[in-house]
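# What the coordinates show
The lines below spell out each chain.
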Amino acid sequence: MDTQGAKNRLSGKWHAVYRFALFTCFLDAVWGQIRYSIPEEQEHGAFVGNIAEDLGLDLDKLSARRFRIVSGAKKQYVEVNLENGVLFVNERIDREELCEQSLSCSFHLQVVIENPLELYRVEVEILDVNDNSPSFPWTEFNLDISESAAPGSRFPLESAQDLDVGSNSLRTYLLSVNEHFFLDIQTRSDGSKFAELVLQSPLDREQQSAHQMVLTAVDGGSPERSGTAQIDITVLDANDNAPVFDQSFYRVRLAENAPKGTVVIKLNASDLDEGPNADITYSFSGHAPIKVRQLFSVDANTGEIKVKGVIDYEKARMHEIYVQAKDKGPSAVAVHCKVLVNVLDKNDNLPEVILTSVSTPVQEDAPPGTVIAVISVMDKDSGENGNVDCEIPHHVPFQLHSSFKNYYTLVTCDFLDREAVAEYNITLTARDMGSPPLFTRKTILVQVSDVNDNAPHFKQPSYTVYLTENNAPGASICSVTALDPDSGQNAYLSYSILEGDIRGMPVSTYVSINSDSGNIYALRSFDHEQLKNFQITVQAQDAGFPPLKSNVSVNIFILDQNDNPPVIVSPVPINGTAPSEAVPRSVDAGYLVTKISAADPDAGQNSRLFYQLLQATDPSLFSIALYTGEIRTMRQLVEKDPTRHRLVILVKDNGQPPLSATVSIILSVVDSLPDSQPDLGDLSPSAHHSSNFTLYLIVSLGAISFTFLVAIIVLVAVRRLKGRTPNKDSNFPSMGGCCRCCSSSDGSTTTEVFKKSNLNVRMSTGASGCSETSGSGALPQVYCYKMCLTPESSKSDFMFLKPCSPVMSVQQNNAKSTDYLTSGWSALDRNELSNNRATTPSELKYSNKEWTWNKNQRNSAYKRYSSANMEGTLSRQQKYDMEGFSCSVAPQYWTWGNHMNDCKMSLQEEAAPNYSWTPKYTQPQSEALDYQHNVYIPGTTSGYSTLKLAPRGDLDVYNTFSTFGKKKRFISNYEYSFEQEDGIISNSIFHQPVQMCAPPLLELCSARPAPPAKEKKTSIMALIIAHLRTRSIVAALSFMALWGFALSITRYSIPEEMEEGSFVANLATDLGLEVRSLEVRKAKLDVIHSKNYLDINKDTGELLIREKMDRESICMTKTTSCFLKMDVILSNPVRIFNIELEIMDINDNAPVFRRKTMHLDISEATPPGERFSLTNAVDADVGANSIKTYYLSESKYFNIDIQTGSDGSKYVDLVLGGNLDREMQSVHNLILTAVDGGVPPRSGTASIIINVLDINDNAPKFSQPVFAVNVSENSAVGTVVMTLNATDLDEGTNAQLVYSYTLYTSEKTQELFSLDANTGEIKVKGVIDYEDVQSFEMFIQAQDRGANSLSGQCKVMVFVTDLNDNYPEVTIKSVKSSLSEEVSVGTLIAVVSVSDRDSGPNGEVELSLNQQAILPFILNKSSEGYFELLVSRPLDREMISKYEIILRVTDKGSPPLSENETITVEILDVNDNAPTFSQSFYTIHVMENNLPGALLTSLSAFDPDLNENQYLVYFIMEKEIVNTSMSMLFSINPENGDLYALKTFDYEREREFLFHIEARDSGVPPLSSNVTVHIVIQDQNDNTPLIVSPWRAQGSVVEEVIPRSTEKGHLIAKVIAIDADSEQNARVTYQLLQISDASLFSLDQYNGEIRTTRMFSYRDPRQQRLVIVAKDNGDPALSATVTVKISTVEHVMSFSETTELPLEYDVFTDLNLYLVIGLGAVSFLLLITILVIIVLKCQKPKPKAIKIPPANRNSVISRNSVISQRSSTIADSTLISSDAYWYSLFLAETRKGKVVVRQPIIPKGAGYFVSSIPRSIGPSETTDSRASTLEQEPRRELP
């Protein structure tokens, strides 16, 4: 502690008593208060007042009485000069910073004077000066004002702020000169000023879009100050200008077929407004028709009109587009313009090619000039673009002939050959004359039909077949193939084998052929040995008519097969025994013994034989020739050879596989041969028995031959039965003698043809040249027609159709079918024919049952009689009776012609004159012709011809014509009538001015002869032929004339929607045609590009409605005229009439609006006269039937204006007639009616719904002008004060209100309360304090969000309710934070003042101490609001070192509020407590052999004092043990009490130590205590056992001698070992480590005795060696060993013998030597130690009292930390010591009378310098010093 602190402590008691006396004297004194007023911003040192004079104080005692000022402000603004008592300004005072905007500004001072205590209150008032200029929050304000704002509109401006108050505050505002605005200055309730900008005259953004003004705020100071801000006013645009187009009418040109996206025109409308008001959108107006909307699009943003659809000049040449432009502003008004688009024609339509009639296929023998197709072309373009030219390639045998404009015929120009080209793809190119020209290509497929003009031919001229014998019967041996270049039935080939004989047998018994495939089959198994080869002739015949055929030779060779084994011819076994031969013994080598002969019926290699010797008795004796079979000897016979030899000979052929035979020969060896030997060549072989295999072959061959023979017989029988002629008595009419059908040959030839064909056809024996089909029933061939043309007919356009071979009659079938061959070519069976026979011979009736042909019949008939596109079936039914003759025309399939022979027949002259032909069947009227733009070409009489013998002798012929490309079949029967009087056949057609018939030769072939008639009558056929011949040339010329006539157009007009069957016109009359010629010439109505709405009644010639016609669906475009174009086509000759039928409109369609409901949005601000486009109605009718006018339902606000477009269409606009008010009526419902001009008129209606759009014409209104509400102070933030509700009659954004404060509301109010802009809720935003403000005024406006927003105002009064919300305040005026624990009772600790901002009971406060009963303090009220805190009882720091004194102040409010203030008082320590050890006695166990300097333990003492009073130093109290000081053995760290051993202890020498340790504090005076320490040395196993017996010199082996007669258990020796250790470490045990014989000796573990375990035997060696180990019981254990050598002798001297021997004892054994050396060393050490102690004792001086001055922070004597460097060096009596030896050095130096000083090394913490200084030069003595070797420094933290 410093000197000043010591003085304070000495005078503390006196001061306390003095202050207490003063307090008691002035307790009731009255407080005084002084008030000063100074202006703000005074400089430092400015005079305030002489406070000492004002308080009447003595200037000389101000310092002594500790005059001081306690300021309540945060800063010490004023200060007192204690020399003169003047109160002066210490720091510049800013009133605005100190008191903000408060009108009065002051701060209080507390003057405190001690000795005695006096308190004074001083108030300093700060006066305002005009040092602040008014300032705006921003230097520039931006206002957005709509140009539609009404004059008088007010716009609040931001207020300027002036920090000064009173007259220096803001006084007024000034505005720069402006013609549109002026300034209105208002005063708030708190006196503040604010300004509003008032609009004086209307604004126009288009004239001036921005205004700039300067707003100046001026205060009332002198001189006055001002601040300025610039006001930038932006005039917002109002939608007061409508868009304007550059021009109201535009005219543009557009090429047709312009691509989609092509810009037609870009419209441009301008708007003087800006922003959304000038953002223009373009769209179609309501006048734009749907067609225009489909073709064009308008870009809403750019105004570009683009092509959207396909622009077609042919549909519309002009388009009117109505476009409107409308801005995006509110109450937008649309403006309109008209765009007229003229379409420029382009050559964009390809020519169209229409095949009116196509005849395909065409026969390959068709003559040049044959018409193939009739073609019409057209082009929708006009002018040169519509002129079309046609052409075909030049390399095809066809030509185009143009009859008249746009009509062409395709004809052949050369002969056709189907085999060369089977079909032609004729590309017809139609090219217009446009630029560039467009063309269309159409491919016409012309198929060439085949005629049988090619005979079959085989692939080879002849065939050679090699067949291996023994073939399987029925197997195919070869195949022949013939080719026919024809197609269809003409190419269908059948194969047959011509009859012939092979070895007297028919060829058919050998081979057969498949008639379809040509495969030849063998009917038998051939044998090469019987038949080597043969030849057959194969014929291939096609199925054409007539059939063609060709032959080919097939040579069949039978190849041999090895099927016969060799046959042994000689030698021949006799009676089953082997043949024998005799061989003379004397033969030489090569002797021919015999020859084996064999034969093989096979041929070639199969008959080549080989001979081999298979077995022999002696293989070396005989050999056989391989090829000849000669057996010869190979050597001479010897005696040893046997006399009998057996040879087995094998004969094998060369076949594959080879066959063989064997023969055995017995050779006998004889001495000599007989003279005559039989000639082997004369022997004839006897018949041998066939093997079983041969028998099986014979049986099989016989069975197969028999089976084949039976099959042939059955086949012949079946053919004979099928070939029988019908019964002559049959009721079926005879067909003999009728028709030779175009052939002059007899019937047998034709019959043979059919017999040889592959068709299932048989010829009738009664008919010559006529065939009938075989089936379940047969019908006779009825008629055969052929139209014979003249050579000149090929040059005309006539096409003569000739029926070829007739077929059977069928029932009429009206149904359409695609397979007419199956349905048309059917036959009746015989049973139905006989059942349906007529009852009289003159009439024959046939069944209506259809016949079905088989495949061959159908193919053949189709090939000969059918055509792909000519499938009409024509039939005639024959009827014959006695009085009349009827002849039915058989169904015909018409072709272009064939190569049939002419069939000529003349009618008998005796034909019956009264024969009448009448129609049996008529064509149904309901059967409509299937028109496909076909042209009917005249030129031949069809099967529908009706011949009538008129009374005048003319033969009427009613012709019908075959169609091309029709899928229809017509069956009609007519009966022909002959009158007896007239023999002339007339035809009304022949009487026309122009004849229709060419001069053909008509020849009829009848199936049977005509019945007899009168001789004067000529035959009908003769009349027809004669008549046709006379008129053929005239008809041809007439047709050629008609073909060149110019085409005329006949027009008719009819109204639409006529009923079916309605009469249109009489075509026959109008076209100059006879009615009956319509049927004959096959009149056809072809409607171009449309449905068949019309039909011709061929009976009356009338044109009738077939189907209702809707003009709107026929003419899709809305044109005034609508025509239906059609052609009337006649055949025989071809003539085409163009008909145009105008469809006249009727009023059958009512006007229709595209939208039934139209919605319009019209602003209520729209001025009267504004027009709105409405969607037009659409009327499909045209002309007068289209829309005439519009009507609108009654309305006082709206009317309509009807306008007429350039095309005559009506457009309607809705016109506003009066002002709208949405608040009165928001929706208007109108009905718009469109009426057409038809009779009766039709109308259509649409609903118009008009929504009146709101404008902001109603201001918001509050429910009352003034609102009053109470709110408690300190209401939580977010508390709702009230919710305002204003209403606006408008809607949408015009009715959306925004609440805000007006400028009348003070900024303080706005800071405390928040106003929700959307809901109008007023909420607490800040802290509401009743003590600050008792009420608030809020001026609130509600403003809508519409354009040109309107607002309404109200006033809200908020009254604050007072609450006890201010806590009492405790102010510590003066306090002592620390007290000495020895302070006296009554000492003043602190002066406290209390206050409360509340008033009344809420402001009355009481001060108390918390836990005053346990605190040694007391409160004493000194004056009003001031209290003193005094000490009430003694203090003790060791019990409580710090006091937290809580002062609690409580007011008397309800509920009461309280506040706590804590004073912390720290008790200072004095040295009044001695140190105490934790234990009274310490016992420390130390293991011997410890390291010097090792820490033994740590002793600690405790001192409850603090700081230096608590800092302890430890000492070892001196005590000598055997002249050895404890400080030599032990040392202790004086700072922490760590005890160290200074030497290594040996348990065997020192067992324990007992000494005292003292702990001494550093207080003044110091206090101390001591404790006893007992050191106990513990033993360690550090000594090995020492063997003392048996003794041995220098580690030699101990020898023992024992007699061999020693008994068991004899003690040989005893090993004794000692250990210097103690207890367990000294316990020794013995073990045998090594032994020569473990069974001979034993060792006692504990006493070391060596004894014998048995007696010695003669086998035991005489010397035994034992190694004994002595081991202690330590851990780890230590041991020693000794070797004992035991020798056995026969006799050992007895003890009596040895007593006489002198005892030789070596005193100096090893053990003794060690003991002597040790004893001497210890004695020497003990002597040295005693001498050292004596010397030290003699040199120890007398202790002196050393006065050490008080500790100084800068003193070199330091007791700092014990931590130092580990390395030590000594220089100049100064060393840097280590921890281990510092303490011993300290003790040693102290004993020498020196002072040990330790000084820290710089830098701090690196170590310490330790110096030993003699006491004579130590510090000087002082009165306040205490005896101590170390002086405490202030505590530091260790590094």
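Here is a short report on the structure shown in this document. No experiment lies behind these values; they were computed from the predicted model shown.

Attention shifts here to the overall build of the chain. Helix and strand counts for the chain stand at 19 helices and 118 strands. Across the 1839 residues in the chain, those meeting the buried criterion constitute 45%. Once local pairs closer than 6 in sequence are excluded, the contacts in the chain between residues at least 24 apart make up 70%. Entry remark: accessible area of the chain is about 93,100 Å², with carbon and sulfur atoms responsible for 52%.

Let us look at the packing of aromatic side chains. By the definition in use, this model includes 26 aromatic pairs. Between F136 and Y173, the aromatic rings sit 6.3 Å apart at their centres with planes inclined by 45°, giving tilted as the arrangement. Taken as a pair, F136 in the loop between β7 (118-127) and β8 (140-146) and Y173 in strand β10 (residues 170-175) lie far apart in primary sequence, 37 residues in all. When its relative accessible area of 3% is taken as the criterion, Y173 is described as buried. For the ring pair F1545 and F1553, a centre distance of 5.1 Å and an interplane angle of 50° mean the geometry is tilted.

Turning our attention to the pairing of strand β75 (residues 1210-1216). The side chains of a regular strand alternate between both faces of the sheet. Within β75, 6 of the 7 residues are buried, which leaves the element mostly enclosed by the surrounding structure. As paired elements, strand β71 (residues 1171-1173) and β75 share 3 bridges and run antiparallel to each other. Across the sheet, residue F1172 finds its bridge partner in β75, namely L1214. Relative to β75, strand β74 (residues 1198-1204) runs antiparallel, the two sharing 7 bridges. The residue bridging T1204 from the neighbouring strand is K1210, located in β75. Joining the antiparallel neighbours β74 and β75 is a turn of 5 residues, in which G1208 adopts a positive phi near 90°.

On to the state of the cysteines, then. For the structure shown, the criterion picks out 2 disulfides. There is a disulfide in this structure between C99 and C105, and the S-S distance comes to 1.8 Å. Measuring the twist about the S-S bond at about 70°, one finds the C99-C105 disulfide to be right-handed. Note on cysteine connectivity: C1115 is disulfide-linked to C1122, with sulfurs 1.7 Å apart. Here C1115 and C1122 share a disulfide; its torsion about the S-S bond, 85°, makes the bridge right-handed. Exposure class is identical for C1115 and C1122. Each is buried.

The 4 strands lie next to each other as β107-β114-β113-β110, forming an open sheet whose pairing is mixed. Here the strands that pair on one side only, and so sit at the sheet edges, are β107 (1598-1603) and β110 (1628-1635). Averaged over all adjacent pairs, the angle separating strand axes in this sheet is 30°, with direction ignored. As defined by bridge partners, strand β113 (residues 1663-1672) adjoins strand β114 (residues 1679-1689) across 9 bridges and the pair is classed as antiparallel. What sits directly across from Q1663, in β114, is S1687.

Looking now at the pattern of salt bridges. By the definition in use, this model includes 41 salt bridges. Residue D279 is joined to K328 by a salt bridge in which the shortest nitrogen-to-oxygen separation is 3.2 Å. Of the two residues, D279 is situated in the loop between β18 (269-270) and β19 (280-284) and K328 in the loop between β22 (318-327) and β23 (335-344); the sequence distance between them amounts to 49 residues. Here K328 falls in the partly exposed class, since its relative accessible area comes to 44%. Between K1323 and E1321 there is a salt bridge whose closest N-O contact spans 3.5 Å. What makes E1321 partly exposed here is its relative accessible area of 23%. What emerges from the salt-bridge pattern is a single network uniting R205, E206, D237 and E274.

Now for the side chain of Q539. With respect to the helices and strands, Q539 occurs in strand β41 (residues 533-542). In this structure Q539 comes out as buried when scored by relative accessible area, which is 10%. Side-chain polar atoms of Q539 contact the side chain of N551, separated by 3.3 Å. Excluding its chain neighbours within four sequence positions, the residues that come into contact with Q539 are F458, S494, Y495, S496, L498, K549, S550 and N551.

For the rest of this paragraph, the subject is the side chain of E320. Looking at the element boundaries, E320 is found in strand β22. Separated by 3.1 Å, the side chains of E320 and Y322 make a polar contact. Here K338 takes part through its side chain, which lies 3.3 Å from a polar atom of the side chain of E320.

Turning next to a nonpolar patch on the surface. Taken together, the side chains of F1724, L1725, L1727, I1728, L1731, V1732, I1734 and L1736 make up a nonpolar region of the molecular surface, amounting to roughly 730 Å² of accessible area. Its location among the elements puts L1725 in helix α18 (residues 1710-1739). Taking the relative accessible area as the measure of exposure, L1725 reaches 45% and is therefore partly exposed.

For the rest of this paragraph, the subject is unusual backbone geometry. A cis geometry characterises the amide bond from S222 onward to P223, with omega recorded as -5°. Of note, P223 is situated in the loop between β13 (210-219) and β14 (226-236). Looking along the chain, the bond that leaves V1239 and enters P1240 is cis, with omega of -5°. Relative to the assigned elements, P1240 resides in the loop between β76 (1227-1236) and β77 (1243-1253).

What counts, and where the lines are drawn
Residues numbered from 1 in each chain as written. Predicted model: local features only at pLDDT ≥ 70, side-chain atom pairs only at ≥ 80, totals over all residues. Heavy atoms only, no water. Helix = DSSP H or I, 4+ residues; strand = E, 2+ residues; numbered from the N terminus. Buried < 20%, exposed > 50% of the residue type's maximum accessible area, 1.4 Å probe, protein only. Contact = heavy atoms within 4.5 Å. Areas by Shrake-Rupley, 256 points an atom, 1.4 Å probe, with all protein chains shown as cover. Phe/Tyr/Trp six-rings, centres within 6.5 Å; stacked < 30°, edge-to-face > 60°. Pairing = 2+ DSSP bridges. Disulfide = S-S within 2.5 Å. Axes fitted to C-alpha atoms, helices over the stretch in contact; angles between N-to-C directions. Salt bridge = Lys/Arg side-chain N within 4 Å of Asp/Glu carboxyl O. Polar contact = N/O pair within 3.5 Å; in protein donor to acceptor, adjacent residues only side chain to side chain. Patch = residues over 30% accessible without salt bridge, like charges linked within 9 Å, V, L, I, M, F, W, Y side chains within 5 Å.

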